[in-house]
Amino acid sequence: MASQPISKKRKAVTRDSPEADEVLLSDGGDDFETALLNGIQSQSEDEIEEEDEDASSVDLFEGDSDLRDGGTSEDEIASDEVPSDVESDADLTQNGTATLGGAAKGKQDVEELPANFQITKDANGNPRYIYTDIDPVYDSDDSDAPAGQNTIGNIPLSFYDSYPHIGYDINGKKIARPAKGEALDALLDSIEVPKGWTGLTDPATGKPLELSQQELEVLKRIQMNEVPDEGYDPYPATVEYFTGKTETMPLSAAPEPKRRWIPSKHESKRIMKIVRAIREGRILPYKPAPEEEEDEVEVKRYDIWANEVARPDHPMNVPAPKLPPPGYEESYRPPPEYLPDRNEKKAWEDADEEDRDKEFLPTNHVALRNVPGYEKFLKEKFERCLDLYLAPRVRRSKLNIDPESLLPQLPSLEELRPFPTTCATLFRGHDGRVRSLTVDPSGVWLASGGDDGTVKVWELLTGRQIWSVKLGNEEAVNVVRWRPGTEAIILSAAIGDHVYLIAPPIGDPEIESKGREILDAGWGYAANGATSNTKKESATQWTRPGSRLEEEGVLVKFSLRKTVKVISWHRRGEYFSTVCPQAQSSAVAIHTISKHLTQLPFRKLKGLAQSALFHPSQPIFLVATQRYIRSYDLSKQELLKIIQPGARWISSFDVHPGGDNLIVGTYDRRLLWHDLELSVRPFKTLRYHQKAIRGVKFHQGGLPLFADASDDGSLQIFHGKVVGDMMENATIVPLKVLRGHGVKKELGVLDLDWHPTQPWLVSAGADGTCRLWT
Amino acid sequence: MATETLTATSTSDSPSQVRVLLSTRHPDISLPENPGPILVNTNLRRYALSTLVNTLLQSEKPIPFEFLINGTFLRTSLDEYLTANGISAESTLGVEYVRAIIPPLYLASFEHDDWVSAVDFLSETSPAGKWAGSAGARKSGQERMLSGSYDGFLRIWSMSSEVLATSPSASNGGHTSSIKAARYISPSHLASAGLDRTIRLWKYSEDPEGFTASISPQVELYGHKASIESLAVHQPSSRILSASADHTLGLWSTKKSDAPAAPTSLLPSSTSQSFKRRKMGPSTSTPQRGPLSLLKSHTAPVSHAIFAPNDHTVAYTTSWDHALKTWDLPTSTCVDTRSTSHSLLSLSALPALSLLAAGTSARHITLIDPRASATTVSAMTLRGHTNAVVSLAADPESNYGLVSGSHDGTCRVWDVRSSRSEKEGRVGESLYVIERESLKGERKKVGGEGVKVFDVVWDTSVGIVSGGEDKRVQVNRGKGMVAEKGA
């Protein structure tokens, strides 16, 4: 009971204390300014009134508290008794402070007063102060006030000027007046300002108010616009309690609590929208099940094994197929011994799908929910459909043919011997390319002509040069050909636009004189007949080449005005033809030896003439232009046939000694075999060379051989057998590639010729050599 | 040592042994006492057997031996031989041993101005020397070599590489073109022929000291219309055979009196048009004669002609037309034709075997039995050359030896016993290959370019003599063969 009044009293005191006011002010911040103004006004009005007002206010307060408490009698009594003291005390202190306090204190008081109450009119019309409730906040109690505190309250200290003490402490002991210095001391004090000197007097102690170091610093911080509290850090380092970084050693392994999860507002809005729509029935979450219609028309199905009873094994009884029970392997989490190791797994993966012993690979899944979907589902469905669609209903008999039997029967190379295989002799002596060469009809001599303008005759087997003549210096000998027939040795050679007929002194006197005879026979005819024959063809004059060459054996010479590229003899040795591709209408000329006569059989020739040949047995003349070969009947003087090899540029061609077959070599690397009886188109195309084919030749001595010479430096030997039977096609077998000639300036083998009887081949190369192949 | 070998063989882990009966036909190397059958290990090869024989002979210097079993040389171990021929190891094997041929060593070269087309030898063992008998016998070291060259000259060489005599030039009655064949008729008579289609007989005279000699033309024989490829001479009957590219075989007499007159159309003076030839016509008049007969049956150039070794009235010829023909000379008829499948380019007789060896253009040598009773044309094929075989000569000492010269630039020595059976018959391999000395250190040329061998002669006293495109005559001596025969 005793404590209560004290507490009450303290309450009253504290209520009036500046701290309490402060709190009030902060609470009712709205009307602070007006209240402040009122307070200032009231302070300026008078001070006496203040006491009354205070007393009345206390009364009112008391009454109020009574009203508020609605309290017990004890409380009322107590409150009635004690407040008088309190009032007096409060008054004293209020007044004391008012008088004692400096400007700052007074202002505080002024401030606190209007904040505490509202003035209304009571029933008598007197102003009534209604005090606001005191919020018993922390610090409202000052029970921990310092012991040495003066308890005289808020009165001016001047009241005690006449006493030796200045007040009383909480225990009622007099607080002695501090000794006052002399005026000089005061002066000195004023001069030597100690740290913390304010020039004020602490009202509580009466000592000069000195600020402690701490307080000074606080003041300083306030001045500097800093936070007054010393340890406060306005910008603390962020502690990332929650971060996206995964820590290796997290502070806690606890999973994220659900409360951390912040649902998306937008999503919840949308969900709510849907929820609302579902509730209102605007959205139907499930399609209403279609009404079951019993299909009576459907085919009736039976489960034949529905009521199966065990029966003894019998062929007519088909028991229900029994699926094997699933093994451990098929489990989603098989025991470790059923799991394949790495090698088994690899073997299974590498194996062809059909070869795998089981269709699946036992796999360990931690939980059933981790088992993935069956990946091959679609594929298997599709394949099943495909099987059903494509399933053959009939056993298809496979075509059982040995592929070997479909290949043409080629005779073995051994059976096709002899044919040339190796280089037996080299003929070295020409300076520059050897353009043409030919083996004489007896098969003993080889004649060659080259870029050095010489014609040379060699002994075929040994490679010994027997005879040589230089026909020109600038131009190359483009072609040399022997006259057919062994009764005389006559060589024809073309150098530039000149054609020479030569009787080389290599035979015996009889043969040599015969050759001279044949060549000289035409002189008289030319002298006699030239005048009577006024035709245009005779414009070409056959002349003697001059004594130097005549002594060498060169007997006749004539010019065709354009470079002669090809000479070919008629089999009887009476005629020969020349081809000068550059001469348009006079490209092909036929010469008669016995008359020394040159004829131009074609008034106009379509295309660029490339080569010309006499047919080996019939009076037919064949002329090759760039793309076609035309055959003419010499006796009827008409065009017989146009052979179309289909090549872009024919380089040479040759007629089989039988007369019905033709080989054509082209600059576009093809060797074409034509069967004249069959078609004008090629019977066979052989495309084995890398470069243009320069020459083709049939063996004329009865061996079924033909060969071609190409710019790639190789010769190819073929077996080409022609049978008399019209029903059977020619057999063409590639036999041998002869390599050895060097390729110089894109040119390889320029000409080739067969030995008249032996299976020997001679070739002329751009590397300056001729070679004999046996 | 033989007993050691035998004990070693008996204790060795290979149990197979065979009984061997050693024998020889040469008395100088026959075993002192017949040891009877010897049990030898079947894994022995030629060298071990040779050591064994040397031990039995107790010869201080080991002689290399070759071993012949059933007529063929032992080239493998005995075991392989028995397996290959299906002979039981329990039977007694008759083994004949002969001296091994020692590699023909290079002796000397005779350098010429042009290709050497023909060589022949005059020694006491050469045909000409034998025909001459003791009168013209040449002592060892006095041998003479005759060479014919493409430059148209014949040369007589002493064995010290000196040219003793050269034939006269074309203007003095010499060959107007290349010589392709040259033979000794007798020590003082020579025959040569060539591209000028004539056979020329020469007289060779040499002063007794052997420092000066001369070749003078004796007779010119006209008749062939193309170059003459080879000559064969038989001095006792004074006959000459010539093979010509005009497809004929010519039979000539060496005696002026026997020979008919030359066909006038073939004489060089007959061609009025031949200015050059007329100008260069012979200033010295040499008697001109014609052939006794020209035998025509071949259809291609005749490449070689020889007299039958035992009968000078029979001749054999080879030709490019693949045929080997036998001629009866007195009647001038072709009595037999053997057709092969290749052009034949050279011919030589192996009299002891009654076989003819013919070199072909297909790089091998065919052994042909010319007797009418022979059923097969080709008895054996000798393979190894890489180009045409143009010259053959039989070993004068052995009945089985043969040397061949080829356009591939090698001469090969063959022993017909060294052979094996293949599906196309018996095939032989060469014992030795004689390369051209001029080619030493160089790669083999394509087509034997520059080193072709044109002629080869095998003489007992000198060795193997070959001439070729490298402008030299090369002499190789088969030292072992030649020296030990004489010993």
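Everything numeric here is computed off the predicted structure, so don't read it as measured data. (Residues numbered from 1 in each chain as written. Chains lettered and ligands numbered in written order. Predicted model: local features only at pLDDT ≥ 70, side-chain atom pairs only at ≥ 80, totals over all residues. Heavy atoms only, no water.)

### Regarding the packing of aromatic side chains
Threshold: Pairing of aromatic side chains here covers Phe, Tyr and the six-membered ring of Trp, requires ring centres within 6.5 Å, and sorts the geometry by plane angle: under 30 degrees stacked, over 60 edge-to-face, intermediate tilted. Secondary structure elements follow DSSP: runs of H or I no shorter than four residues count as helices, runs of E no shorter than two count as strands, and numbering proceeds from the N terminus. Comment: the charge-over-ring label is applied if NZ (Lys) or CZ (Arg) is within 6 Å of the ring centre and within 35 degrees of the ring normal.
Counting across every chain of the model gives 23 aromatic pairs over all chains. A ring pair is formed by W649 of chain A and Y667 of chain A, whose centres lie 5.8 Å apart and whose planes are at 90 degrees; its orientation type is edge-to-face. Here W649 of chain A, found in the loop between β24 (638-643) and β25 (650-655), pairs with Y667 of chain A, found in the loop between β26 (661-666) and β27 (671-675); they are 18 residues apart in sequence, far enough to count as distant. Pairing Y688 of chain A with F718 of chain A gives two aromatic rings, centres 6.1 Å apart and planes at 20 degrees, and the pair type is stacked. Placement of Y688 of chain A in the loop between β28 (684-686) and β29 (693-698) and of F718 of chain A in strand β31 (residues 714-721) is noted, with a sequence separation of 30 residues between them. Taken together, the aromatic side chains of W673, Y688, F698, F706 and F718 of chain A make up a single cluster linked through ring pairs. Just above the ring of W348 of chain A sits the side chain of R356 of chain A; from NZ or CZ to the centre is 3.9 Å. Above the ring of W115 of chain B, the side-chain terminus of R464 of chain A is found at 5.0 Å from the ring centroid.

### Section: unusual backbone geometry
Test applied: The buried label applies to any residue whose accessible area, calculated with a 1.4 Å probe on protein chains only, is under 20% of its type's maximum; exposed applies above 50%, and partly exposed to all values in between.
Residue P418 of chain A is reached from R417 of chain A by a cis peptide bond, and omega for that bond is 5 degrees. Within the element layout of this structure, P418 of chain A appears in the loop between α12 (403-406) and β7 (423-428). The residue R669 of chain A is not glycine, and still its phi comes out positive at about 70 degrees. With respect to the helices and strands, the residue R669 of chain A is situated in the loop between β26 and β27. You will see that S332 of chain B, though not glycine, has its phi angle at about 55 degrees, which is positive. Tracing the sequence through the fold places S332 of chain B in the loop between β22 (323-328) and β23 (333-339). Residue classification places S332 of chain B among the partly exposed residues on the basis of a relative accessible area of 31%.

### Let's talk about the UniProt feature "repeat: WD" (unreviewed entry) in chain B
Keep this limit in mind: UniProt positions are given in the numbering used here, feature names are shortened, and annotations may be inferred rather than shown by experiment.
Under the feature "repeat: WD" (unreviewed entry), the UniProt entry names residues 172-203, 221-262, 295-337 and 382-424 of chain B. Taken as a whole, residues 172-203 of chain B contains 0% helix and 59% strand, while its terminal C-alpha atoms sit 14 Å from one another.

### A word on the nonpolar core
Quick reminder of the rule: We define a nonpolar core as any set of buried Ala, Val, Leu, Ile, Met, Phe, Trp, Tyr and Cys residues linked to one another through side-chain atoms lying within 4.5 Å. Pairs of residues are marked as contacts when any of their non-hydrogen atoms sit within 4.5 Å.
Counting residues in each nonpolar core, the largest one holds 24 residues, and the members touching the most others are W445, V455, V457, L471, W482 and I502 of chain A. Dropping the residues within four chain positions of it, V455 of chain A is found in contact with S448, W467, S468, V469, L471, V477, V480, L491 and A493 of chain A.

### Quick look at the interface of chain A and chain B
We count it as follows: A simple way to read buried area is as the amount of 1.4 Å-probe accessible surface that goes missing from two parts once joined, with both sides added. We define a salt bridge as a side-chain nitrogen of Lys or Arg found within 4 Å of a carboxyl oxygen belonging to Asp or Glu. The term polar contact refers here to a pair of N or O atoms within 3.5 Å; inside protein, the definition further demands a hydrogen-donor-capable atom paired with an acceptor-capable atom, and it admits residues adjacent in sequence only when both atoms are side-chain atoms. Any residue outside Ala, Val, Leu, Ile, Met, Phe, Trp, Tyr, Cys, Pro, Asp, Glu, Lys and Arg is labelled polar, Gly included; the first ten of those are nonpolar and the last four are charged.
Counting from both sides, the interface comprises 32 residues of chain A and, opposite them, 34 residues of chain B. Taking both partners together, chain A and chain B bury about 2,800 Å²; carbon and sulfur atoms supply 52% of that area. Summed over the shared surface of chain A and chain B, the result is 4 salt bridges. Here E459 of chain A ties to K180 of chain B by a salt bridge, and the two come within 2.4 Å at their closest N and O atoms. If you look at where chain A meets chain B, you find 14 residue pairs in polar contact (both at pLDDT 80 or more). Where the side of chain A that touches chain B is concerned, the elements lending two or more residues are β7 and α13 (509-532) of chain A. In terms of residue class, the side of chain A that touches chain B is made up of 12 nonpolar, 11 polar and 9 charged.

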